[in-house]
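# Coordinate inspection notes
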Amino acid sequence: MGKFYAIAGLLVLALVLAPVGFLALRKKADYGDRTVLYQTYSAKVKSIDPATCGDTTSASMQGQVYESLYTYHYLKRPVEIIPQLAAEMPEISEDSRIYTFRLKPNIHYAPNPCFGIKPDGSFRTRTVRADDFALGLKRVADFHLQTPLAWSFLSERIVGLDEYRARCEAYREGDFSRYDMEVEGLEAVDDLTLRIHLKAPFPQLIYVLAMQTYAPVPRELIDYHLATEPGPGDERRPIPISRRTAQITQVEQIVGTGPYQLTHWQQGALMVFERNPEYRHGFYPTEGEPGDAEAGLLDDAGKPLPFVDVLHYECILEDMPAWLRFLSRQTDVSGIPRDVFDTVITPDRDLLDKWAKQGLRLSKFTDPTVFWLAFNMDDPVMGASKSLRHAMCLAFNVEDLIEVLYNGRGRRAVNVLPSSFPAHPIAGPGPYYRYDMEEARRQLDQARSELAAVGRLDANDQFPLLTVDLGGRDETSRRMGEFIRQQFEPLGLRVRIELNDWPTLQQKVHNKQCQLYAMGWHADYPDAENFLQLYYGPNIEKGTNNSNYRNPEFDALYDQVTVMPDEHDRNEVYARMVHMLNEDCPVLLLVEPMYYVLTYDWVKGYKRHPFAYGMTKHLRIDTQLRREMGGR
Amino acid sequence: MTTTAPNPAILAAPVQQGRSLWGDAFRRLRRDPAAVACFLVIGAYVALAVGAVYWYPDFLETQNYSERNLPPSADHWFGTDVFGRDVLAKTLLGARVSMTVGFMANAIAVPLGLALGVLGGYFGKWIDDLVVWLYTTLASIPGIILLIALKYAFQGIILFEGTFIELNLSGIHGLYIALGVLSWIGTCRIIRAETLKLKSLDYVTAARASGQGRVRILVRHIVPNLLHLAIINFTLGFVGAISAEVILSFLGLGVEVGTPSWGTMINAARLDLVVGRWWEAVAACAAMFVIVLALNIFGDRLRDALDPKLRI
Amino acid sequence: MGAYVIRRLVQAVFTIFGVMLVTFLLFRVVAGDIAGAHLGPKATEQQKREWLKKYGYDRPLLINRQPDTRWYDTQFAHYVSTTATFKTRSLINNEKLSDTILERAPYSLAITVPALALGWALAMVVSTLVAYYRASLIDHVGVFLAVLGMCVPYLAFIMGGQWLMFKVAPSMAYGLANPFNIFVPVVISVVAGLGGSVRFYRTVILDETTRDYVRTAQAKGVPLPSVMFKHILKNCMLPILTNLIMAIPFLIMGSLLLELFFGIPGLGDLLLSSITNRDEPIVSGLTFLTALIYVLGTLATDITYVIFDPRVELT
């Protein structure tokens, strides 16, 4: 009998300890004496295919591996475009419709089996050619790939590309021969010269081509990874066309020219990037804006990039655990969760002394992002009364919102453009983007008669119940919802809050089922057109104008401005367009958020760039200092 | 005449016994101080569920941003929440959601379980096979997955919009229904087993021999003798429903925004606890703890009193 | 006996069929406009049709009534054949379900297996102790604590536990950087479940203690501890082990909430995110897996019962 109890005890002990064995046996992150940057990220990576990238988390990961023709200068502000894979700025024809790009010679892709395998088992590589860019752009236009963001910037721009997209429809998804079709406007003149023919002048093209979503894609990748699979033995066998997918989904399918390669990806848990041995074309900038030299940002001027060998990114969806990992010096860079904000930052927005003494440094910046509640202008109530929209804007206390839910980290958005854009000050603040209850009540009375006139009040002559849709189910969204209710209640407006998953909200918005919904926009490039296209009438069809705002005057100006080559002239027109939006209020503007980033002293060269991804290559880690200060 | 004479006596017996069963149970419960205490607690919660709204009619508009996140004090016994509203009031109002969810879910589940259990147990054959198949199937799928899936399927659905029986399935009404249609299994099992037992008892056989119809026997002689089981399950089912509300609220699938509920209060702790704001979650947990404790003990005592055989 | 086993097997087959039917219908409803959800709102009708065709969603749901087709050429048949073999692939990243399960299940098991073993051992020790001193102060306090433990919300245990770890050892409060971190959720799960198990085990042991053979043994002068360890516990094992076997199917799915809170990349975590992502094949595949193990588990329990306990009636 005693034996039974002994066995039972041992069995329990063994079962209890078994997971430790399993967890300890996992492939350990052993990077030897290479320099490693440790960081956390807080949302799941949705895409590793440049063409299908549509969210900032995926973009920041892709920025490490994919590069495009142009990029931004790391240090200079206002931002400046510089060549990346292109050798120089493009040659633009007289009529601004033909762009000729010369490529840097001898840019190599990261080694990959799709280029062949050397006798010693290592992978081959090859140089980047002009037709790879054409293929990248064709994939963006591919009917069978979900490329809403990337395609929205190029549709109806390049000669023959829209026709190409239409022709793709007839092909099956797995039939890659569609990539052999010529596109008139995409011309690989020789290996190092790419020419793009535009339907009309498009001055923003240069910014668009600085997004890594238009990175070159080698044909070998498609033919090897997407069209064949490992068969018996060493052979690869073709995948039947019906089973093929056109999207890049696996780590080994990533072929880029960037400073890093993705070597390990455990979804929702870990991403590891290692130095791309073929990367030779990046150098730390030698000049910056005033103050950069003093801040030590020019210490590494002219040195080859990247400095760090391995990027170790852990996915931690919750703020607090990520923050605590940072505090225990397990990670090098971190934001500040809004809940602990008061314990880190002084009321006048500086780092508390006790943290500064621990070797932390604070960088503050405003991202070119604006959050708002959009009115659906097609809604029978919201669209029918401008005064109702005015009243709601005036009744919403954004200052309170920033205090209560943003911990003071943000500023009130006063027009639809981010404050760092040159057109923002020219346009000036909108008359209804302020808190004024009295005026709000006056506007509401007006609204009552406006709605009564068109018969949109309910049976008791009251405003109908309004529904606000939010794109999240977590506690933060719930609080936002409660706050919104509290703002409209004093006006006597009844509001129902609906929490949705993000995709559900997008669908509802697209089907025009929402009345009011929370939305935001992060600038893709430093041109006001990027924000104003959200209100351009024809874009309702394309799905980027989701407030369904229609104003022929606005649209006429938009058509005019998008082909104006001179930036200064454009800004004047942009300001006039913003004025129209200020008056019509298709959105209730909320916040331009401010970001606070903390780094430890051992991280050198940190400067946040508002648009560009893939700037991590500029960071240098003083590993000795890190060890001395108790990091890893 | 002589043959029918004994029948009324036999037939009356279980009904008589049934009556005395209820009386006896009531006496036993009344003499049990724990049961009485728990009953009072449950009564108090029911009163809160009904009355708190009248006590705090405009709680939702009591936000006061200059008093937000205050720890417990003389003014606010349980502190204030992120919008400066009184947490005590919020907790008391939260009883409404929990109690109604408990009640409504069981008001759907128990009759459903009773009906299916009796049908299966009494009529046997393919009906029984169908009932058993139905509940073994549902029992095989983890309840929480079904619950989440059902709640997802309900998203954005509003039935009978505009009428007075409007059902907002993405909110609390969806909770009633989802919990109701998923938690009848336990009741059904017990009822079916008991029906099988009752069916073979002498008085039922006698009733059948006296030529009473099957339906009549079912209604007159079987169902009344199963009601005590239904009541026990009703009490114990409350606990499950209250806990489920908390977990669904945590996943963002609970009540509408703006309805105070313990689930959302506990959920708030995800953001608040780490910065030391413990009061909201603790208040909700405490309120929930007390009612669950009372329901558990009362349910046990009720079972002991009504059905001594079932004692676990 | 043989007839009984066969009947149970047939029943199990029907149950599994039922599970497939329920999960299939439910998740198709949940998925809603599944093509729209995956292609994004801007997809055209043509794109949606293509997509539905590619993943086989364009077929009739249950029965194919169209002429010149086989009646079983339906979504349900396709679902049954791919799910039952775990060959189904994710709509998000095209990964095979069996691979995903192999990758993630160990993490779920890493929480649930130790929790089950430890919980069982602890509950046994405590309930034996309580039962041994029945009707004494120890018993009363023990039962009282057990009931209290049962009434604390599960989320409170998780949040309280994690908060405590943040205070004591922040690096252990999240993630699996250190293999020993796994014991935080394990302990929480054990503590949360202890009350219920102790109450259940105590009842089982007490039932056994009041049997005649115990009284006979005691009357003959065998001390109670000896009877307890030699006979009572042994006889209690059957119901207790049954109880354990019934818990096994839920091991594989891990604890949804614990995985969420502690950032453990197990199957529960996958299930939740797959529901939000409308990754229908993964959700139904995982649900089916759990249900399958459950059905097989109950089948095995029932059969072992008949073999080892002659008192059990075959109903």
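Here the structure is shown first, and the text comes after it.
Every value quoted in this text rests on a predicted model; they were computed, and no experiment measured them. Sequence order as written defines the numbering, with residues in each chain counted from 1. Chains carry letters and ligands carry numbers; both start at the beginning, A for chains and 1 for ligands, and go up in the order they are written. Owing to the predicted nature of the model, reporting of local features is limited to residues with pLDDT of at least 70; listing and counting of side-chain atom pairs is limited to 80 or more, with chain, interface and lining totals taken over all residues. Hydrogens are left out, water is left out, and the side-chain values use all remaining heavy atoms of the structure.

## Details of a negative patch on the surface
The criterion, for reference: Only residues whose relative accessible area exceeds 30% and that take part in no salt bridge are eligible for patches, with like-charged residues grouped when within 9 Å of each other and nonpolar side chains (Val, Leu, Ile, Met, Phe, Trp, Tyr) grouped when within 5 Å. Computed with the Shrake-Rupley method and a 1.4 Å probe, the accessible areas treat only the protein chains shown as cover for residues. Here, a salt bridge means any Lys or Arg side-chain nitrogen found within 4 Å of an Asp or Glu carboxyl oxygen. His is not counted, nor are the chain ends; Lys and Arg add positive charge and Asp and Glu add negative charge. Where a charge sits is defined by one atom per residue type, namely NZ (Lys), CZ (Arg), CG (Asp) or CD (Glu). Residue burial is assigned from relative accessible area. The probe radius is 1.4 Å, only protein chains are included, and a residue is buried under 20% of its type maximum, exposed over 50%, and partly exposed in between.
A contiguous patch of negative charge on the surface is contributed by D566, E567, D569 and E572 of chain A. Here E572 of chain A falls in the partly exposed class, since its relative accessible area comes to 41%.

## Focus: the pairing of strand 5 (residues 98–102) of chain A
Residues and elements named next belong to chain A. The condition that has to hold: Only when DSSP finds a minimum of two bridges between them are two strands counted as paired. Here a strand is any run of E in DSSP of at least two residues, a helix any run of H or I of at least four, and the numbering for each starts at the N terminus.
Relative to strand 5, strand 4 (residues 91–92) runs antiparallel, the two being bridged by 2 bridges. Its bridge partner being in strand 5, I92 is matched across the sheet by Y99. The hairpin formed by strand 4 and strand 5 contains 5 residues between the paired strands, and S96 there has a positive phi angle of roughly 60°. Summarising the sheet, strand 5 and strand 7 (residues 193–197) pair through 5 bridges and their orientation is antiparallel.

## Some thoughts on the environment of H568 of chain A
Following the sequence through the fold, H568 of chain A ends up in helix 20 (residues 567–584). For H568 of chain A, a relative accessible area of 54% gives the class exposed.

## Digging into the interface of chain C and chain A
Note the cut-off: Contacts are residue-level and defined by heavy atoms, with any inter-residue pair within 4.5 Å sufficient. Nitrogen and oxygen atoms within 3.5 Å of one another constitute a polar contact, given that in protein one can donate a hydrogen and the other can accept it, and given that sequence-neighbouring residues count only through two side-chain atoms. Gly falls in the polar group here, along with every residue not listed as nonpolar (Ala, Val, Leu, Ile, Met, Phe, Trp, Tyr, Cys, Pro) or charged (Asp, Glu, Lys, Arg).
Contact residues are listed per partner, giving 46 residues for chain C and 45 residues for chain A. Summed over the shared surface of chain C and chain A, the number is 0 salt bridges. Counting across the chain C and chain A interface gives 0 residue pairs in polar contact (both at pLDDT 80 or more). Secondary-structure elements contributing two or more residues to the side of chain C that touches chain A are helix 2 (34–39), helix 3 (45–54), helix 5 (97–132), helix 10 (224–253) and helix 12 (267–276) of chain C. Considering every element that reaches the side of chain C that touches chain A, the biggest residue donor is helix 5 of chain C, with 11 residues. Here the side of chain C that touches chain A is built from residues that sort into 25 nonpolar, 9 polar and 12 charged.

## Side note on the sheet that holds strand 10 (residues 260–266) of chain A
Residue and element names in this part refer to chain A. Operational definition: The axes used here are C-alpha line fits, helices contributing only the stretch in contact, and every angle between their N-to-C directions lies in the interval 0 to 180 degrees.
What the 4 strands build is an open sheet, ordered 1-12-11-10; its pairing is mixed. Here the strands that pair on one side only, and so sit at the sheet edges, are strand 1 (36–41) and strand 10. Between one strand and the next, the sheet's axes are offset by a mean angle of 20°, whatever the strand orientation. Relative to strand 11 (residues 270–275), strand 10 runs antiparallel, the two sharing 6 bridges. The residue of strand 11 that forms the bridge with Q266 is L270.

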